[in-house]
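Take a look at the letters that make up each chain.
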Amino acid sequence: MAGYREPGLEARRAAAASARETALAKLKARTPLDPAALAERIAAAEAREKLQAEKRELLKAKKAQELAEKADRAAKVTPVQTEAERKAARDAKYAARKARKK
C-alpha cells in the first residue's frame, strides 16, 4: 500500500498557475456593467446613506433632548441644600425629638 506523498514544488506551482488562469478566465467572461445600471446603483447607495445620516441626526437630537429633560427633572426634584440649611434641618429634628420627650 502506497502512502501519501506531498506534492513537489513544481506540482504546487502548476496548480497555482492553473487556478490563476481559471480565475482570470472567469473574470474575463463576466458581462460588463451597464453604465445606466451602475449610475442607478450609485444613486440608490447615496440615497440610502443620506437617509441613514438623517436617522442618526434625529437619534442624536432625541438623546440630547431626553438628557436635557432628565437633568431638568433631577434639578426640580432634589434641590441642592447648603450646609447651613442642612444644619438647620438637623437642629430642628433634634429639637422636635427633645420636645416630644418632655
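Above: the structure in question.
Below, the structure is looked at part by part. Note that the structure is predicted; figures quoted are calculated from it, not measured. (Residues numbered from 1 in each chain as written. Predicted model: local features only at pLDDT ≥ 70, side-chain atom pairs only at ≥ 80, totals over all residues. Heavy atoms only, no water.)

### Observations regarding the overall build of the protein chain
Rules: Counting from the N terminus, the helices are the DSSP runs of H or I reaching at least four residues and the strands are the DSSP runs of E reaching at least two. Atoms counted for the radius of gyration: C-alpha only. Globule rule: 2.2 Å times the number of residues to the power 0.38. The buried label applies to any residue whose accessible area, calculated with a 1.4 Å probe on protein chains only, is under 20% of its type's maximum; exposed applies above 50%, and partly exposed to all values in between. We get accessible surface area from the Shrake-Rupley algorithm with a probe of 1.4 Å; when it comes to residues, only the shown protein chains can shield them. In summary, the charge assignment counts Lys and Arg as positive and Asp and Glu as negative, without counting His or the chain termini. To locate a charge, take NZ of a lysine, CZ of an arginine, CG of an aspartate or CD of a glutamate.
Within the protein chain, the secondary structure is distributed over three helices and zero strands. Tracing the protein chain from N to C terminus, the helices and strands come up as α-α-α. Whereas a compact globule of 102 residues would reach a radius of gyration of roughly 13 Å, the protein chain reaches 38 Å, over 25% beyond that. Its C-alpha atoms put the protein chain at 110 × 60 × 20 Å along the principal axes. Expressed as a percentage of its 102 residues, the buried residues of the protein chain come to 0%. Summed over its atoms, the accessible surface of the protein chain is roughly 10,100 Å², and 60% of this surface lies on carbon and sulfur atoms. Treating the 27 positive side-chain charges of the protein chain as one cloud and the 15 negative ones as another, the clouds have centres 12 Å apart.

### A closer look at the pattern of salt bridges
Here the idea is simple: oppositely charged side chains can pair when their charged atoms come close. Rules: Every case where a carboxyl oxygen of Asp or Glu lies within 4 Å of a side-chain nitrogen of Lys or Arg is listed as a salt bridge.
Using the criterion set out here, one finds four salt bridges in the structure. When the shortest N-O distance is used, the salt bridge between Arg-56 and Glu-49 registers 3.2 Å. One salt bridge in this structure joins Arg-90 and Asp-91, with 3.8 Å as the shortest N-O distance. Using a relative accessible area of 37% as the deciding quantity, one classes Asp-91 as partly exposed.

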